[in-house]
Amino acid sequence: MTKPLDNRAWLLVVPVFAIVAFSAVLPLMTVVNYSVQDTFGNNQFFWNGVGWFKELLDPATDLGGRFFAALWRTLLFSAIILAIQVPLGIVVALSMPREGWTVALCLVLMALPLLIPWNVVGTIWQVFGRGDIGLMGWGLNRLGFDYNYNGGVIAAWFTIVLMDVWHWTSLVALLCYAGLKSIPDAYYQAARIDGASRWAVFTTIQLPKMRRVLLIAVLLRFMDSFMIYTEPFVLTGGGPGNATTFLSIDLVKIALGQFDLGKAAALSIVYNLIILAVCWVFYTVMTHAGADRGVRGDPAAGEAPDHAVPPATTIPLDRRAA
Amino acid sequence: MSLVLEQVSKIVGAETHLRDVSLTLERGSLNVLLGATLAGKTTLMRLMAGLDVPSSGRVIADGRDVTGLPVRRRNVAMVYQQFINYPSLSVYENIASPLRVAGLPRAEIESRVREAAALLRLEPYLDRKPLQLSGGQQQRTAIARALVKRANLVLLDEPLANLDYKLREELREELPRIFAASGAVFVYATTEPSEALLLGGNTATLHQGRVTQFGPTPEVYRRPRDVVTAQVFSDPPLNTLRAVKQGGALALGTGGEARALGAFAGVPDGSYLVGFRAHHLELDPPSGEAIVLPSTVTVSEITGSESYVHLACGGHAFVALVPGVRRLEPGTTVDASIDPRRLFLFDESGALASGDLAQAA
Amino acid sequence: MARITLDKLAHSYKPNPSGPGDYALKEIDHVWRQGGAYALLGPSGCGKTTLLNIISGLVTPTRGRILFDDDDVTGRPTEARNIAQVFQFPVVYDTMTVRENLAFPLKNRGVARDVIRRRVDEIAGLLDLTRSLDRKASNLTADAKQKISLGRGLVRPDVAAILFDEPLTVIDPHLKWQLRSTLKELHRRLDITMIYVTHDQTEALTFADTVVVMHDGAVVQAGTPDQLFDRPAHTFVGHFIGSPGMNVLPCRVDGALATVEGHPVTLAHAYPALDAARVELGIRPEFIRLAPRGAGLPVRVRRIDDIGRARIARVELGACALSAMAPDGVALDGDEASLSLDPSRIHVYADGRLVAPAGAIA
C-alpha cells in the first residue's frame, strides 16, 4: 500500500546523506585515492595507476603472494566456522525447551557470550589456553597433548576456531530458535499423524520454515568471520609465523606496520569487493533454493487467483493468526 | 459529515483494485459494503479513511477536497476483524485512550466513557483486561473506543467475522441501535447478505473492484440492477437458468413454460437469463399462478431453523431454502414451484430487464 | 474402519481436580458408530477441542478409556492410532509437490512405490486434485490445501476415522458450499467415520447425521438435526440451534396450563408437579404467529427485522423479550400485537432440562 506522497519528506533524509557522506563516502574516496598512488613519506604522493592492483593480484609478486596466502587462510577459516556453527546452532535450537521457565534461563545463558567485547574474548581464551595457568591449556597438556597456541599451527587454529564457536554459535542458535517458535503446533501434530520420523519432521517442516532465518545467520556469520581481527590479534598476533594472519591482520600490518598506504588501500578495496561478491552469491543462492518457479495459467486446478487483490484484504490466515 | 467519492480508482502496478467508484454517503447514514473477499471492500475503506491516496478521482468531505489529506488530519475511527485492544490497559482505559491522546479534561473523559460503555453494555467489565473478556466483549470494547472519539467517519471492516455464530447474531441485532445513537457516517464491510439486510441503511455491492449498485438496502436487494448484484446479494447462491420469451410465453431452459404475466409482460421478446432466490422456490403444492419445475432431490440439509434442498431439474441445479426441518431422501421427485413475480429477467448484457415488480411497487 | 467408544471419559487440565468445575471435559459416555458422520457443536471453550484431541491422542484423558472397536487405545500416541486430522489452518509440506504431500504418510510407513503411486492417483482423482499433482503445494489456494490435508488422511487404507477441526474457517464463503458438498460426497462413498468440530450450526447440521452439542464441558444432547430442532433436550440447545434461537420464558406450570407473565398459556400435555428452582417454557419463533391485537398473548412490538427471506418481529411480553416470525402482509395497529403459540410445539424445561409430560415414557 502506498502512503500519501509529500515531497518535503525528502528533506528529512538530508542529514542522513550528510552523515553517510562524511563517514563513508569521503573515507572511501580517500582509500580509492591512496590505492592509485605511491608515497615515500613527507606527504609526497606519486601517481601509480593500477600498479598496486596488478601487484596484488599477481601471486608471483611479494605482495600478491602474501595476499593470496592470507585470502585462502581467511576463506578456510570462514568455511570451518560456517560448517561448525550453522549445524551446531540448529542442533542447539532444536534441543532448547519450547516453554516453561527454562526457556528464559537458556536465552540468558546463550546471550552471555554475545555481550562480551571482542578483545575481552581474546584475552579470556589467551589465559584459558595457557599451559601454566590456563585451565584448558594445562588440562590438555596433562592429558598428553602437545598444546601450545603460540607454537603449534594446529593448536593456534584449534583455539581460534573454538573461541569463535564459543563466542558466536548462540547467535545462530537464537535466530534458529526464533524461526522454530513460529511454526504452528498443527504442523507437528499433522506430521505425527502422517507417521513422520524425527528426521522427516526436521527436513520437511523445521528446515524449510527456518530457511529465512538461516539465510540471515549464514550471511552474518560469513561477514563477521571473514572480517575477524580482534580475537586472533589478541590471542596469537597472527602467528605462529603467519599461520593465523588473516586478511584483516595482514591489512593492518601493511597499513600501520609498514605504512604502505597504497598497497593497503588497494588491498582494502579488493577485500571489500570479495565480501560483497560472496554475500551476493549466498543471498541469491539461498533465496532461490526451494522457491517455486511453478507453472502459471492453470486456474481451474486451484492456483491462488490473480485477482485485483490488495494484500490487506487477502491473506485471511495472517489476519486470523494475529 | 458527508463523504463523496468521485470517480475514484486505485491501481497498484498492473492490477486495478478499484475502478471508477462514485458514492455519496450522507451525514448520519449507515452504509454497507457488500462483496466477496477480494472484491475491493478494504481498499475502498482505506481510501475513505485517508490511509491510501486514490490513483485518480477525488474524495470530498463536507464539500472540501480531502483527497491527499493523511488520516492523522481527519477525524476517522476504524474497527477491524481482529479484536484490537491494548492488552495491558483495562477496558475503561482502552475506551478512554483516544480521549487521553486528545487531552480532554478528566470529567469529560469519565462521562464519555461511561456513556459509550452503557451503549455497548460493557459497564460490568470496565475494570477487566481485554484478554479476560469473551471475543464478543473484546469487539464491543473496540467498537466503544471507535465511538467515543465522536469521529465523523467510522469504518468497520468485517467486525463480526471472528466471532462465534451466536455472538455474531447477538451483536448484529444490537448494532443498528448503537449506530442510530451516533451522528457519524458509518461504513460497514461484510461478505454476508443477511448481515447487510439486518443492518439496513444503504448498501453498495462490490464485485471485482467495481460498485455495481448503491442504494437503500431493501431496494438493492429486491431490485438488483444486474445479475452480478443479484449474485453478490444472494446466499444461498442465486438460482439461474436460460429462458426465451416469445409473445405471451416464457420458455424455460428446463423444459417448462410460463405465461408471461404481470411483471414481465412488457419485456421485449428475446433470450434472457432468469434468476430467482432460493427461498422463493417452494416445495409445497403451488397456489395461484405458479411456474412448476418438476425436480429430483439430490441432497437435503438442515441448517438450524431452515433446510436447504438441492434439486436437479432438466439439467439445472437449484437450491431451495425452506422454513423448518424438511428431510427429503435423495431421489425423491417434487414439484418445486415459483411465483413468476419473483423472477428476475436479465438481458444479454446482464442488466435487469424486469422482475419482482410487484414487490418494488 | 472402526467404532469409537468413549467410556466414562473425563479430562482436567489441572493436576489434582477436586470439583466438577475443574474439569474441562465432564464425564462422557458415547459411541461413535463406524461410518457415521458426526459433528461436535458448541461455543468456544465448551470442551469440544479437548474431546477431539483426546480422540486423536494428543491429550491423554484424566479418567476413563477410549476404545477403537474393542481395542483400548487410551495410552497410545497419535501415530499409533489410525486416525487422520484436518486442522483449522491448512497444513501442507511447503517444499513438496501435491503428489509428494499425498504420498508422505505412505512413504513414512514404508509402502511399496507402485502401490503409493496407484493410491495417490486414486485419491487425487477423488478430490479433484489430479491436475495440480505436480505443482508445489505451497502455491495453491486455501481450499486446495485443505483438500490436500484431507487427502493425506484418505490415502492411508487403514484409517479408522477422520477428524476435522473447524476446517472451513479460512475458506472463502463461496467455496465453503463446494467443499462442504465434497466432504459429504466423500463420506457417502468411503464409509469412514468422520467427526467434525465447529461452532457454526450450519456447518454442523448440514454435515452430520448425528450432532453432539456440547456446553460447559458436557454433552447436552446428541441427536439428528431434526431432533435438535424439534425437541431440544436443554434450553441451551434450543437457543444455540436455529437463528433466531428458541424463545425461553420463565413460567409456572400447573397440569396442562402454564402461566407466563401472568398470562395463561395452554399446553398440549399435562405435566407432573415440578420441583425445580427454574421452570421455563420453550418455543421456537417459527411456531409463534404474530397477529394484530386480538385474542392471544398481548405484546409490544419493538421492531421488525427484514432478513430478505422472512421478517422477524422482536416483541416484549411484560418483561420477557421474544422473537416471532412475522408473516407477509400483517398490518399492525401501532406497536401492539398479539401472539398465538402452537401448543404442540411448546416444551417445558426444569432447571434447563426438558421435562417429559405426565404419562409419557421418559
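Residues numbered from 1 in each chain as written. Chains lettered and ligands numbered in written order. Predicted model: local features only at pLDDT ≥ 70, side-chain atom pairs only at ≥ 80, totals over all residues. Heavy atoms only, no water.

Here we come to the overall build of chain B. The number of helices and strands found in chain B is nine helices and 20 strands. For chain B, the C-alpha atoms occupy an extent of roughly 75 × 45 × 40 Å along the three principal directions. The buried share among the 361 residues of chain B stands at 57%. Taking contacts inside chain B between residues at least 6 apart in sequence as the whole, the part at least 24 apart equals 65%. By element, 49% of the accessible surface of chain B is carried by carbon and sulfur atoms, the whole surface being about 14,400 Å². (Helix = DSSP H or I, 4+ residues; strand = E, 2+ residues; numbered from the N terminus. Buried < 20%, exposed > 50% of the residue type's maximum accessible area, 1.4 Å probe, protein only. Contact = heavy atoms within 4.5 Å. Areas by Shrake-Rupley, 256 points an atom, 1.4 Å probe, with all protein chains shown as cover.)

What chain A contains, in helices and strands, is 13 helices and two strands. In chain A, once contacts between residues fewer than 6 apart in sequence are set aside, the share between residues at least 24 apart is 64%. Carbon together with sulfur atoms contributes 70% to the accessible area of chain A, which is approximately 17,800 Å² in total.

Further remarks concern the domain arrangement of chain B. Its domain assignment divides chain B into domain 1 (3–232) and domain 2 (239–360). Each of domain 1 of chain B and domain 2 of chain B was reduced to a C-alpha centroid, and the two centroids are 36 Å apart. (Domains from an automatic or database assignment.)

With that settled, consider the sheet that holds strand E8 (residues 185–190) of chain B. All names here are of chain B. If you walk across this open sheet you meet the six strands as E6-E7-E8-E3-E9-E10, and the pairing is mixed. Of all the strands in the sheet, just strand E6 (76–79) and strand E10 (210–216) have a single pairing partner and so form its edges. For this sheet the average axis-to-axis angle between neighbouring strands, irrespective of direction, equals 15°. Looking at chain direction, strand E3 (residues 30–34) and E8 are connected through five bridges and run parallel. Within the sheet, the bridge partner assigned to Leu 34 lies in E8 and is Thr 190. The strands that helix H1 (residues 41–49) touches are E3, E6, strand E7 (153–157), E8 and strand E9 (202–207); relative to E7, the one it contacts most, it runs at about 160°. Where helix H4 (residues 135–148) meets the sheet, its contacts fall on E6, E7 and E8, and the angle it forms with E6 comes to roughly 175°. (Pairing = 2+ DSSP bridges. Axes fitted to C-alpha atoms, helices over the stretch in contact; angles between N-to-C directions.)

A few words now on empty space enclosed by the protein. The probe, sized like a water molecule, is rolled over the atoms to show the empty space still left. Residue and element names in this part refer to chain C. Applying the stated criterion across every chain yields a total of six cavities of 30 Å³ or more. If you go around the largest cavity, the residues you meet are Val 86, Gln 146, Lys 147, Leu 150, Phe 164, Pro 167, Leu 168, Leu 179, Thr 182 and Leu 183. Of the residues assigned to the lining of the largest cavity, the class counts are seven nonpolar, two polar and one charged. (1 Å grid on protein atoms, 1.4 Å probe; cavity = no way out; pocket = protein on both sides within 12 Å on 5 of 7 lines; lining within 4 Å. Points joined across faces, edges and corners; volume = space filled by probe spheres on them. Nonpolar A, V, L, I, M, F, W, Y, C, P; charged D, E, K, R; others polar.)

What follows is about the layout of surface pockets. Considered as a void within the structure, the second largest pocket measures approximately 1,100 Å³ in volume. Considering the residues around the second largest pocket, the lining is formed by 41 residues, among which His279(B), Glu282(B), Pro323(B), Arg309(C) and Asp328(C) are closest to the centre. Counting residues per element, the ones that place at least two in the lining of the second largest pocket are strand E17 (316–323) and strand E18 (333–338) of chain B together with strand E15 (288–292) and strand E18 (320–326) of chain C.

In this structure's numbering, the residues bearing the UniProt feature "domain: ABC transporter" (unreviewed entry) are residues 3–233 of chain B. In the segment residues 3–233 of chain B, helix accounts for 36% and strand for 27%; the C-alpha atoms at its two ends are 24 Å apart. (UniProt positions renumbered as here; feature names shortened; annotations may be inferred.)

Let us look at the side chain of Glu306(B). Mapped onto the elements, Glu306(B) comes out in strand E16 (residues 306–313). Relative accessible area serves as the criterion here: at 16%, Glu306(B) is assigned to the buried category. In this structure, Glu306(B) is in contact with Glu301(B), Leu321(B), Val322(B), Pro323(B), Gly324(B) and Arg309(C), ignoring residues within four places of it in sequence.

Residues and elements named next belong to chain A. When the UniProt feature table is mapped onto this chain numbering, "transmembrane region" (unreviewed entry) sits at residues 12–36, 70–94, 101–128, 154–180, 213–230 and 265–286. The annotated region residues 12–36 carries 96% helix and 0% strand content, and the separation between its end C-alpha atoms amounts to 36 Å. Here residues 154–180 runs as 100% helix and 0% strand, with 36 Å between its end C-alpha atoms.

Below, the discussion takes up the packing of aromatic side chains. Centre distance and the angle of the planes are the two values used to describe a pair of aromatic rings. For the coordinates displayed, the defined rule picks out 27 aromatic pairs over all chains. Ring geometry for Trp125(A) against Phe128(A): centres 5.2 Å apart, planes inclined by 85°, an arrangement best described as edge-to-face. With Trp125(A) and Phe128(A) both in helix H5 (residues 118–128) and three residues apart, the pair spans about one turn of that helix. For Trp125(A), a relative accessible area of 6% corresponds to the buried category. Above the plane of the ring of Tyr221(B) lies Arg277(B), whose end atom (NZ or CZ) is 3.8 Å from the centre. Directly above the aromatic system of Phe287(C) lies the positively charged group of Arg345(C), at a separation of 4.1 Å from the ring centroid. (Phe/Tyr/Trp six-rings, centres within 6.5 Å; stacked < 30°, edge-to-face > 60°. Lys NZ or Arg CZ within 6 Å of the ring centre and 35° of its normal.)

Our focus in this paragraph is the nonpolar core. Within the largest apolar cluster, 84 residues are counted, with the highest numbers of intra-cluster contacts made by Ile4(C), Leu6(C), Trp32(C), Leu51(C), Ile55(C) and Ile195(C). In contact with Leu51(C), other than residues within four places in its own chain, are Leu6(C), Leu9(C), Leu25(C), Ile28(C), Trp32(C), Leu40(C) and Met214(C). (Core = buried A, V, L, I, M, F, W, Y, C linked by side-chain atoms within 4.5 Å.)

What follows deals with the environment of Pro59(A). Residue and element names in this part refer to chain A. Mapped onto the elements, Pro 59 comes out in the loop between helix H2 (51–56) and helix H3 (62–95). Assessed through its relative accessible area of 53%, Pro 59 is described here as exposed. Note: C-alpha distance between Pro 59 and Trp 118 (59 residues apart in sequence) is 32 Å. Setting aside chain neighbours within four positions, we find Pro 59 in contact with Gly 64, Gly 65 and Phe 68.

Residues and elements named next belong to chain C. The four strands lie next to each other as E2-E1-E4-E5, forming an open sheet whose pairing is antiparallel. Each having just a single partner strand, strand E2 (25–32) and strand E5 (71–72) make up the two edges of the open sheet. Pairing geometry for strand E1 (residues 4–11) and E2, over five bridges, is antiparallel. Among the inter-strand pairings, Leu 6 is bridged to a residue of E2, identified as His 30. Across the sheet, helix H1 (residues 48–56) is in contact with E1, E2 and strand E4 (63–68); its angle to E1 comes to roughly 125°.

In this model, Asp235(B) is joined to Pro236(B) through a cis peptide bond whose omega is 0°. Position of Pro236(B) among the secondary structure elements: in the loop between helix H8 (227–232) and strand E11 (239–246). Phi at Glu166(C) takes a positive value of approximately 45°, unusual for a residue other than glycine. With respect to the helices and strands, Glu166(C) occurs in the loop between strand E7 (161–165) and helix H5 (173–190). Positive phi values are uncommon outside glycine, yet Asp191(C) reaches one of about 55°. One can find Asp191(C) in the loop between H5 and strand E8 (193–198). By relative accessible area, which is 42% here, Asp191(C) ends up partly exposed.

With that settled, consider the packing of helix H11 (residues 247–257) of chain A against helix H12 (residues 261–288) of chain A. All names here are of chain A. Where H11 meets H12, the closest approach of the two axes is 8 Å, and the angle between their N-to-C directions is 160°. Accordingly, the angle class assigned to the pair H11 and H12 is roughly antiparallel. Seen from above, H11 lies across H12 with left-handed handedness. Contact residues: Leu 247, Ser 248, Leu 251, Ile 254 and Ala 255 in H11; Leu 261, Lys 263, Ala 264, Leu 267, Ser 268 and Tyr 271 in H12. Here the contact of H11 with H12 is built from residues that sort into eight nonpolar, two polar and one charged. (Parallel < 35°, antiparallel > 145°, perpendicular 65-115°, else oblique. Left-handed = near helix turned anticlockwise from the far one by under 90°.)

Helix length check: helix H1 (residues 9–35) of chain A, at 27 residues, gives a terminal C-alpha distance of 38 Å against a target of 39 Å (1.5 Å per residue), a fit within 8%. At Ala21(A), H1(A) is deflected by roughly 45°, the largest bend along its length. (Expected span 1.5 Å × (residues − 1). Bend = angle between axes of the 7 residues up to and from the residue.)

According to UniProt, the positions carrying the feature "domain: ABC transmembrane type-1" (unreviewed entry) are residues 71–282 of chain A. Segment residues 71–282 of chain A splits into 78% helix and 0% strand. End C-alpha atoms: 18 Å apart.

Interface size is commonly expressed as the accessible surface area that is lost when the partners come together. At the junction of the two partners, chain B supplies 33 residues and chain C supplies 34 residues. Summing the contributions of chain B and of chain C, the shared interface buries around 2,900 Å²; its carbon and sulfur component is 53%. Broken down residue by residue, the surface that chain B buries against chain C is led by Asp164(B), Tyr165(B) and Lys166(B), which jointly contribute 21%. Where chain B packs against chain C, one counts four salt bridges. The interface formed by chain B and chain C includes six residue pairs in polar contact (both at pLDDT 80 or more). When residues of the side of chain B that touches chain C are traced back to their parent elements, those giving at least two are helix H5 (165–180), helix H6 (193–199), helix H7 (217–222), strand E15 (291–302), E16 and E17 of chain B. The element that contributes the greatest number of residues to the side of chain B that touches chain C is H5(B), accounting for five residues. (Buried area = accessible area lost by both parts, 1.4 Å probe. Salt bridge = Lys/Arg side-chain N within 4 Å of Asp/Glu carboxyl O. Polar contact = N/O pair within 3.5 Å; in protein donor to acceptor, adjacent residues only side chain to side chain.)

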